[in-house]
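Architecture and fold: a report
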Amino acid sequence: MGVGLKKIRNTLNNRIVFFVLLVVVFWLKTYITYQTKFNLGISDGMQQFLLFLNPIPVGLLLFGIALYFRGRKSYWLMMIVSLIQSIWLFANVLYYREFSDFLSLGIIKSSGSVSNNLGLSIMEIIHPTDFLIFLDFIIITLLLLFKVIKVDTRKVKLRTASLLSVVAILLFSVNLSLAEKNRPQLLTRTFDNNYIVKYLGINFYAGYNAYQTYKESSTRANASSSDLKSVLSFIKTNKTTPNISYYGKAKGKNVFIFHLESFQQFLINYKVDGKEVTPNINKFYGDSSTLSFDNFFNQVGQGKTSDAETMLENSLFGLPSGSVMTSYGTSNTFHAMPAILDQQGYSTAAMHGDVGSFWNRDNTYKSWGYQYFFNDNYFKEKTNYSVGYGLKDKIFLKQSVQYLEQLPQPFYAKVITVTNHYPYELDKMNQTIAKTNTGDQTVDGYVQTAHYLDQAFGEFISYLKKAGLYDNSMIVAYGDHYGISNNHKKAISQLLGKKSVTSYDLAMFQKVPFMIHMPGLKGGVNHTYGGEIDVMPTLLDLLGIKNDDTIQLGNDLLAANRNQTVAFRDGDFVSPTLSKVGSKVYDNTGKELSNLTSVQKKEVTEQQNRTDKVLSLSDKIVTGDLLRFYTPANFKKVNKADYSYKYSDGMKRLKEAQEDNKKSLIQQHGGKSTTDLFSTDAPELKSENK
Ligand code: GP9
Ligand code: MN
């Protein structure tokens, strides 16, 4: 061994030097990961500096704990800290790659109900370089095991250890105050986990998130009916006057909520090699009896589909982290659309070809008052019937008909598709359109599964026509959230035929279709700005159901005097005039406004305040379970014990329903099933479809 190496080795045998080595490696590793694996939107020198600085205080503090201990124990502790920190970093890199967000305890806590989703995708998203995160841990552990580095058993003076802790805390305070200066209210306005990581670091974020989760449980305990005051006073100001040309027009009709999984607005009339990707949905979109919206945005956060469902049926937002359905769906009180309609004489059912536990639907739907939940227990499975997270849409829809036809009318039926879901894989026999060729593998299959979903939608609509449901139903179809995440900027610009995309373009890329079809409805494309939070008030007004005392954070898209600021879950907003994305403000042509006039400044502030207000009120309602303190007139509190989605129970109740009345579709058809009216070209069913 060279003299130099020996010297290094000898130095490393000193515990303080070893400690410094670990802190420095930790620091560099975290910083390199920030720069190469995350997209933190650094926009100035101070943010750059803080990103560089923020691993140091936490590193000093965490590894410093070990200095209070002696000998081997101390080394063990340092290596455990290093390992835990590496696992946390690694898990976040994977999670971030698909969700553009950091892991939270809310998500981990609910992983029981969402795990098959993440599990399936995990091999898809791993990059070989991700494993480098463990390299330092492995090397240093080996050096210790093979005694290349020797354990220094000498005691570190308590004074030294505590001095280091104090330095760490001081450094952290400097970090925090610089961060607060650059981004006021960083920790009070916790709309975006990205900000916390950018300013204070991924490890601080972990601790902060754990603290928040603990707070959650005590929040509910401490909430009281007086907390509703601010909610009710906002609801008053948010109230709109229903549009008389639409109010009550759908009274008594069946309602379909057709969930187009991961379906973005840009797909409407989109072509690949001259071929329409979604001809059936395009036709539906342009139908003279369809009211379509072309400035309708998804507003989901980490809860994705579950956030969309929460907004659509409760007019409440998802959470800053985690999912309302998984964290609060079982325990909270809700005044959801299914319960409201149930109490107006509707039958209510949700259908989905995935396991009932996903997103905690099997519990949440009870709280929302769904009489039936036809989940995978109700559907016939064969090996090639499923892809990704559940039954392929064509097979799922065909099988749904046997339950649909038994529901007493009018009914409210939510139909949740899933084939057009990341990672957009489809077997060869179902691929009937070419992929796009951006070269981004995650993106290019998207049009293929969207095309498949479109065909399934087409088959479903033609069944509705044949069965006579098309004419007496209001069919609502919507896309739940983006299919292509912002991490695929290059591919997105190629898809949109642009050189590159700005943050504004990406915000506009969050548009999803929202369409309401009903014979006799004045159709056309409506340009109002709105989003998922506005669906419930819109539909209740169309159905002519009084909802002026219901707690809703959105407003009727058809009302004239509505506010058109669309709040995103991260605190950004878009509107017909100004939009704020990240730290930038844009006009409605997408031009960035760097020097705002005082009038513009005032408008931005107003819209920001409103955005912050609706998000924080929503969080207050959900986390405090405030709806338990308030019941709208004509609404009966839902009793979860009244519901069961067990196959045998569901079938029994359907049977009873047939005896009680003559209102189901099957009864209208003289007791004859309508399932034969559903024709599909699903190749899996070829042998069964004579
Ligand atoms: C699965 C499904 C997918 O049941 O609804 O949810 P998502 O991953 O889109 O949130
Ligand atoms: Mn979804």
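- Under the annotation held in an unreviewed UniProt entry, the chain carries the name Sulfatase and is attributed to Liquorilactobacillus capillatus DSM 19910.
- The record held by UniProt for the chain lists under Pathway (unreviewed entry) the comment "Cell wall biogenesis; lipoteichoic acid biosynthesis."
- Database annotation for the chain, UniProt heading Sequence similarities (unreviewed entry): "Belongs to the LTA synthase family."

Here we look at a nonpolar patch on the surface
- A contiguous nonpolar patch, built from Val-20, Val-24, Leu-28 and Ile-32 and spanning about 310 Å² of accessible area, is present on the exposed surface.
- Among the structural elements, Leu-28 can be located in helix H2 (residues 15–37).

A short note on the confidence of the model for the chain
- On average, residues of the chain score 93 in pLDDT, and 96% of them are at 70 or above.
- Within the model, pLDDT remains below 50 along residues 113–117, and this stretch shows 14 contacts once partners closer than five positions in the same chain are excluded.

Concerning the coordination of the manganese ion (ligand 2)
- Bound to the manganese ion (ligand 2) on the protein side are Glu-261 (OE), Glu-261 (OE), Thr-305 (OG1), Asp-480 (OD) and His-481 (NE2), at distances that span 2.0 to 2.6 Å.
- What the six donor atoms of the manganese ion (ligand 2) show is an angle range of 54 to 164° at the metal, which sorts the shape as irregular.
- Along the chain, the residues that donate to the manganese ion (ligand 2) are spaced as E-x43-T-x174-D-H. In this pair, Glu-261 sits in the loop between strand E1 (254–260) and strand E2 (271–272) while Asp-480 sits in the loop between strand E11 (473–479) and helix H21 (489–495), placing the two residues 219 residues apart along the sequence.

Observations regarding the pairing of strand E6 (residues 347–352)
- In terms of residue burial, E6 counts as a mostly covered element, since six of its six residues are buried.
- By the alternation rule, side chains of E6 split into Ser-347, Ala-349 and Met-351 and Thr-348, Ala-350 and His-352, which are all buried.
- For E6 and strand E10 (residues 411–416), the ladder comprises six bridges, and the chain directions are parallel. Residue pairing across strands places Ala-349 opposite Ala-413, the latter belonging to E10.
- Viewed along the sheet, the connection from E6 through helix H17 (residues 361–367) into strand E7 (residues 372–374) turns out right-handed.

Considering the UniProt feature "binding site: substrate" (unreviewed entry) in the chain
- In the numbering adopted here, UniProt assigns the feature "binding site: substrate" (unreviewed entry) to His-421.
- Looking at the secondary structure, you find His-421 in the loop between E10 and helix H19 (441–444).
- Assessed through its relative accessible area of 15%, His-421 is described here as buried.

Some remarks on the site of ligand 1
- Around ligand 1, the surrounding shell holds twelve residues, and the nearest of these are Thr-305, His-352, Asp-354, Arg-361 and His-421.
- For ligand 1, an oxygen atom lies 2.8 Å from a polar atom in the side chain of Asp-354.
- Arg-361 is positioned with one of its side-chain polar atoms (N or O) 2.7 Å from an oxygen atom of ligand 1.
- Alone, ligand 1 offers 310 Å² of accessible surface; in the complex the protein occludes 99% of this.
- Here the residues of the shell around ligand 1 sort into three nonpolar, five polar and four charged.

Notes on empty space enclosed by the protein
- Applying the stated rule across the entire model yields seven cavities of 30 Å³ or more.
- Ile-533, Asp-534, Thr-565, Ala-567 and Arg-610 are the residues nearest the centre of the largest cavity, which is lined by 17 residues in total.
- With three residues, helix H24 (residues 598–623) is the largest single contributor of residues to the lining of the largest cavity.
- Residues that form the lining of the largest cavity fall into these classes: seven nonpolar, seven polar and three charged.

Here's the deal with the packing of helix H4 (residues 55–65) against helix H9 (residues 158–182)
- At a closest axis distance of 8 Å, the pairing of H4 and H9 adopts a crossing angle of 155°. In terms of orientation, H4 lies roughly antiparallel with respect to H9. For the pair H4 and H9, the crossing hand works out as left-handed. When H4 is examined against H9, the residues Ile-56, Pro-57, Leu-60 and Leu-61 are found in contact with a partner set consisting of Leu-164, Ser-165, Val-167, Ala-168, Ile-169, Leu-171, Phe-172 and Asn-175.
- Taken together, the residues that form the contact of H4 with H9 break down as ten nonpolar, two polar and no charged.

Notes on the side chain of Ser-315
- Summarising the element assignment, Ser-315 is placed in the loop between helix H14 (304–314) and helix H15 (324–328).
- Residue class for Ser-315 comes out buried when judged on its relative accessible area of 0%.
- A polar contact is formed between the side chain of Ser-315 and the backbone nitrogen of Gly-554, at a distance of 2.9 Å.
- Not counting residues up to four positions away in its chain, the partners in contact with Ser-315 are Thr-310, Ile-533, Met-536, Pro-537, Gln-552, Leu-553 and Gly-554.

As for the sheet that holds strand E4 (residues 290–293)
- Pairing is mixed in the open sheet, where eight strands are placed in the order E7-E6-E10-E1-E11-E12-E4-E13. The sheet terminates laterally at E7 and strand E13 (524–526), the two strands that pair on one side only. Across the sheet, the mean angle separating the axes of adjacent strands is 15° when strand polarity is ignored.
- As paired strands, E1 and E11 are joined by seven bridges and run parallel to one another. Across the sheet, residue Phe-258 finds its bridge partner in E11, namely Ala-477.
- The sheet contacts of helix H23 (residues 535–542) involve E1, E11 and strand E12 (514–517), and relative to E12 the element is tilted by about 10°.

Notes on helix H12 (residues 228–238)
- All of the buried residues along H12 are Leu-228, Val-231, Phe-234, Ile-235 and Asn-238. End-on view of H12: buried residues confined to an arc of 125°, all on one side of the axis. What points out from H12, more than 90 degrees from its buried face, is the exposed set Lys-229, Lys-236 and Thr-237.
- As for H12, its buried residues are in contact with H24.

Conventions adopted
Residues numbered from 1 in each chain as written. Chains lettered and ligands numbered in written order. Predicted model: local features only at pLDDT ≥ 70, side-chain atom pairs only at ≥ 80, totals over all residues. Heavy atoms only, no water. UniProt positions renumbered as here; feature names shortened; annotations may be inferred. Patch = residues over 30% accessible without salt bridge, like charges linked within 9 Å, V, L, I, M, F, W, Y side chains within 5 Å. Areas by Shrake-Rupley, 256 points an atom, 1.4 Å probe, with all protein chains shown as cover. Salt bridge = Lys/Arg side-chain N within 4 Å of Asp/Glu carboxyl O. Helix = DSSP H or I, 4+ residues; strand = E, 2+ residues; numbered from the N terminus. pLDDT = per-residue confidence, 0-100. Contact = heavy atoms within 4.5 Å. Donors = N, O, S within 2.8 Å, 3.2 Å for Na, K, Ca; no water. Tetrahedral: all angles 85-135°; square planar, octahedral: opposite > 155°, others 65-115°. Buried < 20%, exposed > 50% of the residue type's maximum accessible area, 1.4 Å probe, protein only. Pairing = 2+ DSSP bridges. Right-handed = clockwise from strand over helix to strand, strands pointing away. Near = heavy atom within 4 Å. Polar contact = N/O pair within 3.5 Å; in protein donor to acceptor, adjacent residues only side chain to side chain. Nonpolar A, V, L, I, M, F, W, Y, C, P; charged D, E, K, R; others polar. 1 Å grid on protein atoms, 1.4 Å probe; cavity = no way out; pocket = protein on both sides within 12 Å on 5 of 7 lines; lining within 4 Å. Points joined across faces, edges and corners; volume = space filled by probe spheres on them. Axes fitted to C-alpha atoms, helices over the stretch in contact; angles between N-to-C directions. Parallel < 35°, antiparallel > 145°, perpendicular 65-115°, else oblique. Left-handed = near helix turned anticlockwise from the far one by under 90°. Arc of directions from axis to C-beta.

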